[in-house]
Amino acid sequence: MTAVWSALALSFAVIFVAELGDKSQLMALTFATRYRALPVLIGISAATAVVHAVSVGIGYGLGAALPTDWISLVAGVAFLAFGAWTLRGDKLTDSEREKAQKSTRSAVVAASVAFFLAELGDKTMLATITLATNHGWLGTWIGSTLGMVAADALAIAVGRLLGKALPERFIRYGAAVLFAVFGVWLLVEAIRSLV
């Protein structure tokens, strides 16, 4: 049991630090300016738990990695599409706006999908794979998941504070630019690795 706690503490610390300033933490901040904090955190937690379970399975069971270059390529195109969609924006009636504020499903799904794609092949996924090869799967999975969720919760708190002070048009443009930056970043990484 000591090995599990040791792996948990190490994984938490490594992933928390690796996530600071990472693109997915910036995504958490962006989502928090558009949606309520709890649905965003639920979406992030679900995607993180799945990605880190896969990472731990690879690191512990196989010691091999996913073909991250192709995954990054697909994720990059998806992020460019998310940016265009965000930039286009939607017009809501007052009743639709009220329903959207009450609804948590769309925020959970949007955050889950975006984070799942962003984390595949990311440095935190690769760090989790590496940790799992040496420190066991259970502690590594729990620690890496909690470390990432804690770092992204910090970004959500900052995003909620900024979101109340910024006009919606600025937030929409800012979110579109961030999604485009993430998309280009992923595409450049993928192309450099594939060439």
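Residues numbered from 1 in each chain as written. Predicted model: local features only at pLDDT ≥ 70, side-chain atom pairs only at ≥ 80, totals over all residues. Heavy atoms only, no water.

## Looking at the packing of helix α1 (residues 2–19) against helix α7 (residues 123–135)
Working step 1: Packing of α1 against α7 leaves a shortest axis separation of 10 Å and a crossing angle of 160 degrees. Judged by the angle between their axes, α1 and α7 are roughly antiparallel. Between α1 and α7 lies a crossing of right-handed hand. Taking contact as the criterion, the partners of A7, L10, S11, V14, I15, A18 and E19 in α1 are, on α7, K123, T124, A127, T128, L131 and H135.
Working step 2: Among the residues forming the contact of α1 with α7, the class breakdown is 7 nonpolar, 4 polar and 2 charged. (Axes fitted to C-alpha atoms, helices over the stretch in contact; angles between N-to-C directions. Helix = DSSP H or I, 4+ residues; strand = E, 2+ residues; numbered from the N terminus. Parallel < 35°, antiparallel > 145°, perpendicular 65-115°, else oblique. Left-handed = near helix turned anticlockwise from the far one by under 90°. Contact = heavy atoms within 4.5 Å. Nonpolar A, V, L, I, M, F, W, Y, C, P; charged D, E, K, R; others polar.)

## With respect to α1
Working step 1: Spanning 18 residues, α1 covers 26 Å between terminal C-alpha atoms, matching the ideal 26 Å at 1.5 Å per step.
Working step 2: Those residues of α1 that sit buried are A7, L8, S11, I15, A18 and E19. When α1 is viewed along its axis, its buried side chains cluster within an angular range of 115 degrees and face the same direction. Exposed and oriented more than 90 degrees from the buried face of α1 are T2, W5 and V17. (Expected span 1.5 Å × (residues − 1). Buried < 20%, exposed > 50% of the residue type's maximum accessible area, 1.4 Å probe, protein only. Arc of directions from axis to C-beta.)

## Examining the nonpolar core
Working step 1: Counting 17 residues, the largest nonpolar core has M27, A28, F31, V40, I44, F115 and I156 as its most contacted members.
Working step 2: Residues I58, L120, M125 and I129 belong to the second largest nonpolar core, which totals 5 residues. (Core = buried A, V, L, I, M, F, W, Y, C linked by side-chain atoms within 4.5 Å.)

## Some words on the confidence of the model for the chain
Working step 1: For the chain, mean pLDDT is 77; residues scoring 70 or higher make up 75% of the total.
Working step 2: Summarising per-element confidence for the chain, the mean pLDDT is lowest in helix α5 (residues 94–102) (49) and highest in helix α3 (residues 37–62) (89).
Working step 3: The low-confidence segment residues 99–103 (pLDDT under 50) makes 3 contacts with residues lying over four places distant or belonging to another chain. (pLDDT = per-residue confidence, 0-100.)

## Thoughts on a nonpolar patch on the surface
Working step 1: Taken together, V50, V54 and F116 make up a surface patch of nonpolar side chains, about 210 Å² in accessible area.
Working step 2: Inspection of the secondary structure puts F116 in helix α6 (residues 105–119).
Working step 3: Relative accessible area serves as the criterion here: at 31%, F116 is assigned to the partly exposed category. (Patch = residues over 30% accessible without salt bridge, like charges linked within 9 Å, V, L, I, M, F, W, Y side chains within 5 Å. Areas by Shrake-Rupley, 256 points an atom, 1.4 Å probe, with all protein chains shown as cover. Salt bridge = Lys/Arg side-chain N within 4 Å of Asp/Glu carboxyl O.)

## Regarding the environment of T140
Working step 1: Residue position: T140 is located in helix α8 (residues 137–165).
Working step 2: Given the relative accessible area of 0%, T140 is considered buried.
Working step 3: With 125 residues separating them in the primary sequence, T140 and I15 have C-alpha atoms 10.0 Å apart.

## A look at helix α2 (residues 23–34)
Working step 1: Taking 1.5 Å as the rise per residue, α2 with 12 residues should run 16 Å; its terminal C-alpha atoms sit 17 Å apart, in good agreement.
Working step 2: Taken as a whole, α2 has its buried residues at K23, S24, Q25, M27, A28, T30, F31, A32 and T33.

## Describing the packing of aromatic side chains
Working step 1: Throughout the structure, instances matching the rule amount to 3 aromatic pairs.
Working step 2: Geometrically, the ring pair formed by F31 and Y35 is stacked, given 6.0 Å between the ring centres and 25 degrees between the ring planes.
Working step 3: Centre to centre, the rings of F31 and F115 are 6.4 Å apart; their planes meet at 40 degrees, and the pair counts as tilted. Of the two residues, F31 is situated in helix α2 and F115 in helix α6; the sequence distance between them amounts to 84 residues. The same class applies to F31 as to F115, namely buried.
Working step 4: Linked through ring pairs, F31, Y35 and F115 together constitute an aromatic cluster. (Phe/Tyr/Trp six-rings, centres within 6.5 Å; stacked < 30°, edge-to-face > 60°.)

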